[in-house]
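Now for the letters of each chain:
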Amino acid sequence: MTQRNLQGILGCIGDTPLIELDGLLRDIPARVFAKLELANPGGSIKDRTALNMLLDKIRSGELTPHRSVVIESSSGNLAIGIAQICRYFGLRFICVVDAKTTGQNIAILRAFQAEIEIIAEPDPQTGEFLPVRIRRVRELLNDHPDGYWPNQYANPLNPAAHHQTMREILTTLGGPPDYLFCATSTCGTLTGIRTYVRENDLPTQVIAVDAVGSAIFGDESRRRLIPGHGASAPPPLLVADSAHRVVHVSDLDCVVGCRRLMAREAILAGGSSGGVVSALERFRGRIPAGKTVVLIFPDRGERYLNTIYSDSWVQQNFGEVSHLWKESGIAAAGRH
Ligand SMILES: Cc1ncc(COP(=O)(O)O)c(C=O)c1O
């Protein structure tokens, strides 16, 4: 987001590469590009969201070092994005996580000197951690009169961050793509992009990629293994007509998509990027020849080495699936 004149590491947020993927799906008649949000310095698209929710408050003096406290419930990419910005500006950050948060993410947050509050027990009624985490955020806000809760689930600055994501795509391509595939959780990315498309009367078809077992588009919430995308309830940022189509992908689809991306394009991406790849594969029969497709890859793959990229984890959770590697061209690794 260079137009913000940011210094230091924060100047590396946004303006991510858009690269052409010519080896991913060999028989697709369209040109396929990937927006590498994994190239943001905190490792994900959530750097943009964190920056947009904090920067104006920091610049206006509403948030000041040694006085203000940023308080948020997040165990993943947003937490890391906020932790980086708070560290840069010397702001205190209390991050409410839960027992399911990976040790690696907690270690990253601690490295950025975030203070961690771990919720050990889920809500006894629903079995979900989220309501307990939000209750704890509210308690902390009561205890800290200078506390600020960015609240990514309801903050309009979350989707607003992604008008810039879309502007970057248009600039690099020299025009709008025909199709854009986008993973969903808070729906900040989807709503931001869809709003930009509508307001600028662009012909782009926006395809939402949600997890099987996510309740965003009305399904029943079920246990999911891959973190990042999906949600246990429709988020307040989801607007009517937010996507032209919705494609649901399973945990295994995400694994297969990630492995294919690695085998064919040498890209180490996170689970939802694999979901987007699998969604394109399923959707490709509907894409006419000569069209342009953009896939948004939200985060990088290092934080999934013990899951998606671990053969034993895959076997433990999905059984013997090596035939899938052959069927989807993963076994014959490489593009040539
Ligand atoms: C890896 C990953 N993919 C997809 C998403 C979905 O993004 P959004 O919250 O903008 O819907 C997130 C959100 O945290 C994420 O971490």
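Values in this document were obtained by computation on a predicted structure and should not be read as measured data.

**Student:** It is not clear to me how the overall build of the protein chain should be interpreted in this structure. Could you clarify?
**Tutor:** Looking only at helices and strands, the protein chain has 10 helices and 10 strands in total. Relative to a compact globule of 336 residues, whose C-alpha radius of gyration would be 20 Å, the protein chain shows 20 Å and is just as compact. With respect to the principal axes defined by its C-alpha atoms, the protein chain has extents near 60 × 45 × 35 Å. In the protein chain, once contacts between residues fewer than 6 apart in sequence are set aside, the share between residues at least 24 apart is 71%. Element-wise, carbon and sulfur atoms account for 49% of the exposed surface of the protein chain, whose accessible area totals about 14,300 Å². Averaging the positions of the 35 positive and the 35 negative side-chain charges in the protein chain gives two centres separated by 2 Å.

**Student:** Before we go on, may I ask you to explain the site of the ligand in this structure?
**Tutor:** Contacts to the ligand come from 14 residues, most closely from Lys46, Ser185, Thr186, Thr189 and Ser272. Glycine 188 is positioned such that a nitrogen or oxygen atom in its backbone is 3.4 Å from an oxygen atom of the ligand. Here threonine 189 contributes a side-chain N or O atom positioned 2.6 Å from an oxygen atom of the ligand. In the complex, the protein chains occlude 96% of the 390 Å² of accessible area that the ligand would expose alone.

**Student:** Could you clarify how one ought to interpret the sheet that holds strand S2 (residues 31–36) in this entry?
**Tutor:** The pairing of strands in a sheet happens through backbone hydrogen bonds and is either parallel or antiparallel. Pairing in this open sheet of six strands is mixed, and the strands run S1-S2-S10-S7-S8-S9 from one edge to the other. Each of the sheet's edge strands pairs with one partner strand only, and the pair in question is strand S1 (18–20) and strand S9 (245–249). The mean inter-strand angle of the sheet, taken between neighbouring strand axes irrespective of direction, is 25°. Here three bridges tie strand S7 (residues 179–183) to strand S10 (residues 292–297), and the two strands are oriented parallel to one another. Bridging from a neighbouring strand, tyrosine 179 pairs with valine 293 of S10. Across the sheet, helix H6 (residues 188–199) is in contact with S7, strand S8 (205–211) and S10; its angle to S8 comes to roughly 170°. Across the sheet, helix H8 (residues 271–283) lies against S2, S7, S8, S9 and S10, angled at about 115° from S9, the strand it touches most.

**Student:** In this structure, what is going on with the domain arrangement of the protein chain? I would like to understand it.
**Tutor:** A common way to report how large an interface is uses the accessible area buried once the components associate. Taken as a whole, the protein chain is organised into domain 1 (2–39 + 159–315) and domain 2 (46–148). Taking only C-alpha atoms into account, the centre of domain 1 sits 25 Å from that of domain 2. Together domain 1 and domain 2 conceal approximately 1,700 Å² of surface at their shared face, both sides included; 51% is due to carbon and sulfur atoms. The largest contributions to the domain 1 side of the interface with domain 2 come from Arg4, Ile13 and Arg303, which together make up 38% of the buried area. Along the contact surface separating domain 1 from domain 2 lie two salt bridges. A salt bridge links glutamate 168 to arginine 48; the nearest nitrogen and oxygen atoms lie 2.9 Å apart. Linking domain 1 with domain 2 are seven residue pairs in polar contact (both at pLDDT 80 or more). Among the elements that take part in the side of domain 1 that touches domain 2, helix H5 (residues 157–173) stands out by supplying six residues, more than any other. Its residues placed into classes, the side of domain 1 that touches domain 2 shows six nonpolar, 11 polar and eight charged.

**Student:** I keep staring at the packing of aromatic side chains and nothing clicks. Help me out?
**Tutor:** Each aromatic ring pair is described using two quantities: the centre-to-centre distance and the angle formed by the ring planes. Counting across every chain of the model gives four aromatic pairs. Taking 5.1 Å as the distance between ring centres and 85° as the angle between the ring planes, the aromatic pair formed by tyrosine 88 and phenylalanine 89 counts as edge-to-face. Judged by its relative accessible area of 37%, tyrosine 88 is partly exposed. Judged by centre distance (5.6 Å) and plane angle (80°), the rings of phenylalanine 181 and phenylalanine 283 are edge-to-face. Placement of phenylalanine 181 in strand S7 and of phenylalanine 283 in helix H8 is noted, with a sequence separation of 102 residues between them.

**Student:** I keep staring at the packing of helix H1 (residues 46–59) against H5 and nothing clicks. Help me out?
**Tutor:** Helix-helix packing is described using two parameters, namely the angle between the two axes and the distance between the axes. One way to put it is that H1 packs onto H5 with a least axis distance of 8 Å and a crossing angle of 125°. Here H5 runs oblique to H1, going by the angle between their axes. Regarding H1 and H5, the two cross each other, and that crossing is right-handed. The segment H1 lies against H5, with Lys46, Arg48, Thr49, Asn52 and Met53 engaging Leu157, Asn158, Ala160, Ala161, His162, Gln164, Thr165 and Glu168. Grouping the amino acids of the contact of H1 with H5 by side-chain chemistry returns four nonpolar, six polar and three charged.

**Student:** Help me understand the nonpolar core in this model?
**Tutor:** Within soluble globular proteins, side chains that are nonpolar tend to cluster in buried spots. Counting residues in each nonpolar core, the largest one holds 44 residues, and the members touching the most others are Phe181, Leu280, Val293, Leu295 and Phe297. With seven residues, helix H7 (residues 251–265) is the single largest residue contributor to this core. Ignoring any residue separated from it by four or fewer positions in sequence, one finds leucine 280 in contact with Leu25, Ile28, Val32, Phe181, Ile287, Val293 and Leu295. Core analysis: the second largest hydrophobic core is formed by 28 residues, Leu10, Leu51, Leu78 and Ile116 among them.

**Student:** Explain the pattern of salt bridges to me, please; I cannot follow it from the model alone.
**Tutor:** Opposite charge on two side chains permits pairing when their charged atoms draw close. Summed over all chains, the structure comprises 17 salt bridges. Bridged by salt links that share partners, the residues Lys35, Glu37, Arg48 and Glu168 form one connected network.

Rules behind the numbers
- Residues numbered from 1 in each chain as written.
- Predicted model: local features only at pLDDT ≥ 70, side-chain atom pairs only at ≥ 80, totals over all residues.
- Heavy atoms only, no water.
- Helix = DSSP H or I, 4+ residues; strand = E, 2+ residues; numbered from the N terminus.
- Rg over C-alpha atoms; globule rule 2.2 N^0.38 Å.
- Contact = heavy atoms within 4.5 Å.
- Areas by Shrake-Rupley, 256 points an atom, 1.4 Å probe, with all protein chains shown as cover.
- Lys, Arg positive; Asp, Glu negative; His and termini not counted.
- Charge placed at Lys NZ, Arg CZ, Asp CG, Glu CD.
- Near = heavy atom within 4 Å.
- Polar contact = N/O pair within 3.5 Å; in protein donor to acceptor, adjacent residues only side chain to side chain.
- Pairing = 2+ DSSP bridges.
- Axes fitted to C-alpha atoms, helices over the stretch in contact; angles between N-to-C directions.
- Domains from an automatic or database assignment.
- Buried area = accessible area lost by both parts, 1.4 Å probe.
- Salt bridge = Lys/Arg side-chain N within 4 Å of Asp/Glu carboxyl O.
- Nonpolar A, V, L, I, M, F, W, Y, C, P; charged D, E, K, R; others polar.
- Phe/Tyr/Trp six-rings, centres within 6.5 Å; stacked < 30°, edge-to-face > 60°.
- Buried < 20%, exposed > 50% of the residue type's maximum accessible area, 1.4 Å probe, protein only.
- Parallel < 35°, antiparallel > 145°, perpendicular 65-115°, else oblique.
- Left-handed = near helix turned anticlockwise from the far one by under 90°.
- Core = buried A, V, L, I, M, F, W, Y, C linked by side-chain atoms within 4.5 Å.

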